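Listed below are the residues making up each chain.
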Amino acid sequence: MLVVVLAVGVFSSPAAAAASCPQLEGIVRTEVRAALQREIALAAGLLRIFFHDCFPQGCDASVLLKTSGKTEQTMGPNTTLQPRALQLIEDIRAKVHAACGATVSCTDITALATREAVVASGGPTYAVSLGQLDSLAPASATDVNALPSPFTASVAQLLRAFRGRGLADAADLVALSGAHTIGRAICGFFQDRTANPGNDAFVRKLKADCDTDPNRVQQLDVVTPDAFDNGYYRALNASQGVFTSDMALLRDPTTAPIVRQFALSKDAFFAQFAKSMAKLGSVPRKPAGNVGEIRRSCFRTNAGGETLLLHGGVCLSFFDLTDHCSLLSALLSYMSERSMAQNQGLQQSALQLIESIRDAVHRRCGATVSCADILAVATAHAVNQAGGPVIPIALGRRDSLEPAPGWAVATLPRPDADVTTLINAFGSKGLGGVDLVALSGAHTVGKARCSAFADRTRSPNDAFTTGLAQACATDANRLQELDVISPERFDNAYFVDLRNRQGVLTSDQGLANDGRTSWLVNGFADNQAWFFGQFAASMEKMSKLTPASGSGGGEIRRNCFSRNSPGIIIQHATDDLHASA
Ligand code: HEM
């Protein structure tokens, strides 16, 4: 199942970027150049981070994540990424977001900063495709470990690894390895060579240097270590490549001519490097597509690792939580399982869903939002996502300390209730006849077990009830759709059903048969906009039955399924919550 979290303001091309954040390239240039003035080695640090970000699962800044648990930075190939280069990317992000708001992803900033570092070191410029969102999770260990090892002697193996990422030409492998023209490495990465130096004077020198100082860093281009030029190939050509994987390029007949060509012509190298870097920037992403967010810190996903929750076929994404935790704005998008909220078999999942949202919100915002508010907002969004109206929701409820007493639960109307009973039950809560009919319209996405309408199927009196009786006789556990016209859509078809005498529950069909309510049934059947407007108003009214905040006890539960330990009773919801109500 594919889920997309929309990020507002992300741009899709350099032109769009320039329009949306004109300062972007200027900030990146200033910051990278200032950083390289202080420490030239950061250029290589950025370039390697870009490679290690893009190669495993496409460029998505997943390598930057530092949240607890297993992140890419703790995985083998990444443990020696330069910490100050990682920090530089985050520092640039902070400056860009301060100037333009959160419109530019860490992925885009990494790409732009890398290109700036290459150019500042003397290398070529190349196209960078902007508008890439930041990942919501780290790449898998398998994908990270697909990064090639420096101990690889087989060019065929290196080519295979690169081909798997859409870098199909031998020239891509050779040109991108040319990034080592500004690189350095610790002794461990070429110990396979220094262990058996033989008669090779260059390797003997490497070994002697490492023996003297095992913590030293070795320049990978021994000709011009800090300049981005073709010195790396000239060194290779003189058999002075540092890694086994570097030397392999000279030894293999497929790649050797390219090495020699680049050693002779810096222009040829630059032209190919520019092409191959653009390709590296376009390695296909996992999950497929531009899925993610614009992180507010490159080191963390926006909602503490749970920006996105997948639950029982439902996708949740959270907006605005970073800046306004008080404004709970959880969006529920119904994906494949529209019946989530109504399906008896899935009700357990729906309950769990509320708890999952609470967990994500509390992690991000602290315990500032009650389960009651989350339930109200989730319901409103579910209605809207199923095609229904937008329902305004007041926030600031607190969660009960006890279950409702049995007598209060018993005031919920029964499905075999007659209209008078329904009117009285709703009236006792301050809800009128219009509210009763409009709210019953929720059955447009409802389902019921056979036992809920057994009073009708016991003595069927028309084709519709006969059909229901037969279906239930075949399968007593089946779930009957309450809107037989368009059960999956939140629309006014339920009222058309009632007018057609195809209401399933006695409490439904009664509304069409009683003069006090039938005019509303007909009106809503004819006019969906009227139904939607009234439904939203009645839902809002119902959502205020329990006073939002106000007097009395209650708490913000740390777990929707159980009250907090005795003594942790929160008497006052935060002012912010009231302000947003
Ligand atoms: C062909 C496969 C490659 C292998 C086996 C390889 C391996 C390595 C290793 C082991 C290091 C040393 C890291 C350390 O000591 O901390 C390194 C450094 C580096 N690699 Fe590669 N690499 C490869 C391709 C690339 C590519 C395609 C790029 C970029 C386009 C790249 C950019 C760099 C840079 C810039 C450094 C220096 C990092 C620094 O000085 O902090 N490498 N590489």
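All of these numbers come straight from a predicted model, not from anything done at the bench.

The subject of this paragraph is the overall build of the protein chain. A count of helical and extended segments in the protein chain gives 26 helices and seven strands. By sequence separation, contacts in the protein chain at least 24 residues apart represent 71% of the contacts at least 6 residues apart. With an accessible surface of roughly 24800 Å², the protein chain has 54% of that area assigned to carbon and sulfur atoms.

Let us look at the coordination of the iron atom of the ligand. Of the protein atoms, H180 (NE2) alone serves as a donor to the iron atom of the ligand, at 2.1 Å. By the element assignment, H180 lies in the loop between α8 (170–177) and β1 (184–186).

Summarising the element assignment, A263 is placed in helix α13 (residues 256–264). Exposure remark for A263: the relative accessible area of 10% places this residue in the buried category. Linking A263 and A238, residues 25 residues apart in sequence, is a C-alpha distance of 10.0 Å. Not counting the four nearest positions on each side in its chain, A263 is found in contact with N230, Y233, R234 and N237.

Here, disulfide denotes a covalent bond that connects the sulfur atoms of two cysteines. Within this structure, the stated rule accounts for six disulfides. The disulfide partner of C187 is C210, and the gap between their sulfur atoms is 2.2 Å. Sign of the S-S torsion, about -90 degrees for the bond between C187 and C210, identifies this disulfide as left-handed. With a gap of 23 residues between them, C187 in the loop between β1 and α9 (191–194) and C210 in helix α10 (residues 201–212) connect regions that are remote in the sequence.

This next bit is on the packing of helix α2 (residues 24–38) against helix α4 (residues 83–100). Running from N to C, α2 and α4 cross one another at 145 degrees; their axes reach a closest spacing of 10 Å. Of the two possible hands of crossing, α2 and α4 adopt the one that is right-handed. On α4, the residues touching L24, I27, V28, E31, V32 and A35 of α2 are L88, I92, K95, V96 and A99. For the contact of α2 with α4, the class distribution of residues is nine nonpolar, no polar and two charged.

Think of an α-helix as 3.6 residues a turn; residues three or four steps apart then line up on the same face. If you check helix α24 (residues 515–526), its first and last C-alpha atoms are 17 Å apart, about what 12 residues at 1.5 Å a residue would give, namely 16 Å. All of the buried residues in α24 are T517, S518, L520, V521, G523, F524 and A525. Along its buried surface, α24 packs onto α18 (419–427), α19 (433–440), α22 (493–499), α23 (506–513) and α25 (528–543).

Attention now goes to the nonpolar core. As a rule of thumb, nonpolar side chains are buried together in soluble globular proteins. By size, the foremost hydrophobic cluster in this structure holds 77 residues, and its most contacted members are L64 and F273. Here this core takes nine residues from helix α3 (residues 42–57), the largest share from any one element. Taken domain by domain, the makeup of this core includes at least three residues from each of domain 1 (14–139) and domain 2 (149–280). Other than its neighbours up to four places away in sequence, L64 contacts I49, Q73, L86, I89, C106, T110, R295, C298 and F299. The next biggest cluster of nonpolar side chains, apart from the first, holds 27 residues, and it includes A380, L436, F524 and A525.

Bringing unusual backbone geometry into the picture now. Residues K286 and P287 are joined by a peptide bond in cis, for which omega reads -10 degrees. Along the chain, P287 turns up in the loop between α14 (266–280) and β3 (308–311). Notably, S239 is not glycine yet its phi reads approximately 60 degrees, a positive angle. Relative to the elements of secondary structure, S239 occurs in the loop between α11 (231–237) and α12 (244–251). For S239, a relative accessible area of 32% translates into the label partly exposed. Here R501, not a glycine, exhibits a phi torsion of approximately 60 degrees, which is positive. Checked against the element boundaries, R501 lands in the loop between α22 and α23.

Looking now at the packing of aromatic side chains. If you walk through the whole model with that rule in mind, you get 24 aromatic pairs. Judged by centre distance (5.7 Å) and plane angle (55 degrees), the rings of F531 and F532 are tilted. Grouping residues by exposure puts F531 and F532 together as buried. Here the aromatic residues F490, Y494, F495, W519, F524, W530, F531, F532 and F535 are joined through ring pairs into a cluster of three or more.

Under the UniProt annotation, "site: Transition state stabilizer" (unreviewed entry) lies at R48. Within the secondary structure layout, R48 lies in helix α3. Not counting residues up to four positions away in its chain, the partners in contact with R48 are P77, T80 and L81.

Turning to the side chain of S276, a few remarks are in order. For S276, the position within the fold is in helix α14. Overall, the relative accessible area of 0% leaves S276 in the buried class. Discounting residues that sit within four places of it in the chain, S276 has contacts with L167, A171, D172, A175 and L176.

This brings us to the UniProt feature "binding site: heme b" (unreviewed entry) in the protein chain. With numbering matched to this structure, UniProt assigns "binding site: heme b" (unreviewed entry) to H180. The class for H180 is partly exposed, based on a relative accessible area of 23%. If we skip the residues at most four places from it in the chain, H180 touches L220, D221, Y232, F243 and D246.

On to the environment of A185. Counting through the fold element by element, A185 comes out in strand β1. Spatially, the C-alpha atoms of A185 and V242 are 8.8 Å apart, while their sequence positions differ by 57 residues. When near neighbours in sequence (up to four residues on either side) are disregarded, A185 contacts F190, R216, V217, Q218, L220 and F243.

It is worth spelling out the site of the ligand at this point. In the neighbourhood of the ligand, 22 residues make up the surrounding shell, with T80, Q82, H180, A185 and I186 lying closest. Residue R184 places a main-chain N or O atom 3.2 Å away from an oxygen atom belonging to the ligand. Contact distances for the ligand include 2.9 Å between an oxygen atom and a backbone N or O atom of I186. Elements supplying a minimum of two residues to the shell around the ligand: α3, α8 and β1.

On to the environment of F561. With respect to the helices and strands, F561 occurs in the loop between α25 and α26 (575–580). The exposure class of F561 is partly exposed, given its relative accessible area of 47%. Each C-alpha atom, one on F561 and one on I354, is 9.7 Å from the other, the two residues being 207 residues apart in sequence. In this view, F561 contacts L351, Q352 and E355; residues no more than four positions away in its chain are not counted.

What counts, and where the lines are drawn
Residues numbered from 1 in each chain as written. Predicted model: local features only at pLDDT ≥ 70, side-chain atom pairs only at ≥ 80, totals over all residues. Heavy atoms only, no water. Helix = DSSP H or I, 4+ residues; strand = E, 2+ residues; numbered from the N terminus. Contact = heavy atoms within 4.5 Å. Areas by Shrake-Rupley, 256 points an atom, 1.4 Å probe, with all protein chains shown as cover. Donors = N, O, S within 2.8 Å, 3.2 Å for Na, K, Ca; no water. Buried < 20%, exposed > 50% of the residue type's maximum accessible area, 1.4 Å probe, protein only. Disulfide = S-S within 2.5 Å. Axes fitted to C-alpha atoms, helices over the stretch in contact; angles between N-to-C directions. Left-handed = near helix turned anticlockwise from the far one by under 90°. Nonpolar A, V, L, I, M, F, W, Y, C, P; charged D, E, K, R; others polar. Expected span 1.5 Å × (residues − 1). Core = buried A, V, L, I, M, F, W, Y, C linked by side-chain atoms within 4.5 Å. Domains from an automatic or database assignment. Phe/Tyr/Trp six-rings, centres within 6.5 Å; stacked < 30°, edge-to-face > 60°. UniProt positions renumbered as here; feature names shortened; annotations may be inferred. Near = heavy atom within 4 Å. Polar contact = N/O pair within 3.5 Å; in protein donor to acceptor, adjacent residues only side chain to side chain.

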